[in-house]
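# Structure at a glance
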Amino acid sequence: MKKENLPTKVCLVCHRPFSWRKKWEKVWEEVKYCSEKCKRNKKG
């Protein structure tokens, strides 16, 4: 798959777009944060 064709989402913490990664292949629907840092800094 070409880089420009990868699906993207917006991080719930920093509101920046991030692209699909191979490590998220099986859990892409559940991914909400762009990084571990954002995951740790989520509110509530």
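Residues numbered from 1 in each chain as written. Predicted model: local features only at pLDDT ≥ 70, side-chain atom pairs only at ≥ 80, totals over all residues. Heavy atoms only, no water.

### Some thoughts on the overall build of the protein
- Looking only at helices and strands, one finds one helix and two strands in the protein.
- For the protein, the sequential pattern of α-helices and β-strands runs β-β-α.
- Expressed as lengths along the three principal axes of its C-alpha atoms, the size of the protein is roughly 35 × 20 × 15 Å.
- In the protein, the proportion of contacts linking residues at least 24 apart, taken out of those at least 6 apart, comes to 11%.
- Here the protein displays about 4100 Å² of accessible surface, and carbon together with sulfur accounts for 50% of that area.
- Averaging the locations of the 14 positively and 5 negatively charged side chains of the protein gives two centres separated by 8 Å. (Helix = DSSP H or I, 4+ residues; strand = E, 2+ residues; numbered from the N terminus. Contact = heavy atoms within 4.5 Å. Areas by Shrake-Rupley, 256 points an atom, 1.4 Å probe, with all protein chains shown as cover. Lys, Arg positive; Asp, Glu negative; His and termini not counted. Charge placed at Lys NZ, Arg CZ, Asp CG, Glu CD.)

### Regarding the nonpolar core
- Cys11, Phe18, Trp24, Trp28, Val31, Tyr33, Cys34 and Cys38 together form the largest nonpolar core, which totals eight residues.
- Filtering out sequence-adjacent residues up to four positions away, Cys38 remains in contact with Cys11, Val13, Cys14 and Tyr33. (Core = buried A, V, L, I, M, F, W, Y, C linked by side-chain atoms within 4.5 Å. Buried < 20%, exposed > 50% of the residue type's maximum accessible area, 1.4 Å probe, protein only.)

### What about unusual backbone geometry?
- Here His15, not a glycine, exhibits a phi torsion of approximately 60°, which is positive.
- Mapped onto the elements of the fold, His15 is located in the loop between strand S1 (8–10) and strand S2 (17–19).
- With relative accessibility at 58%, the residue His15 sits in the exposed group.

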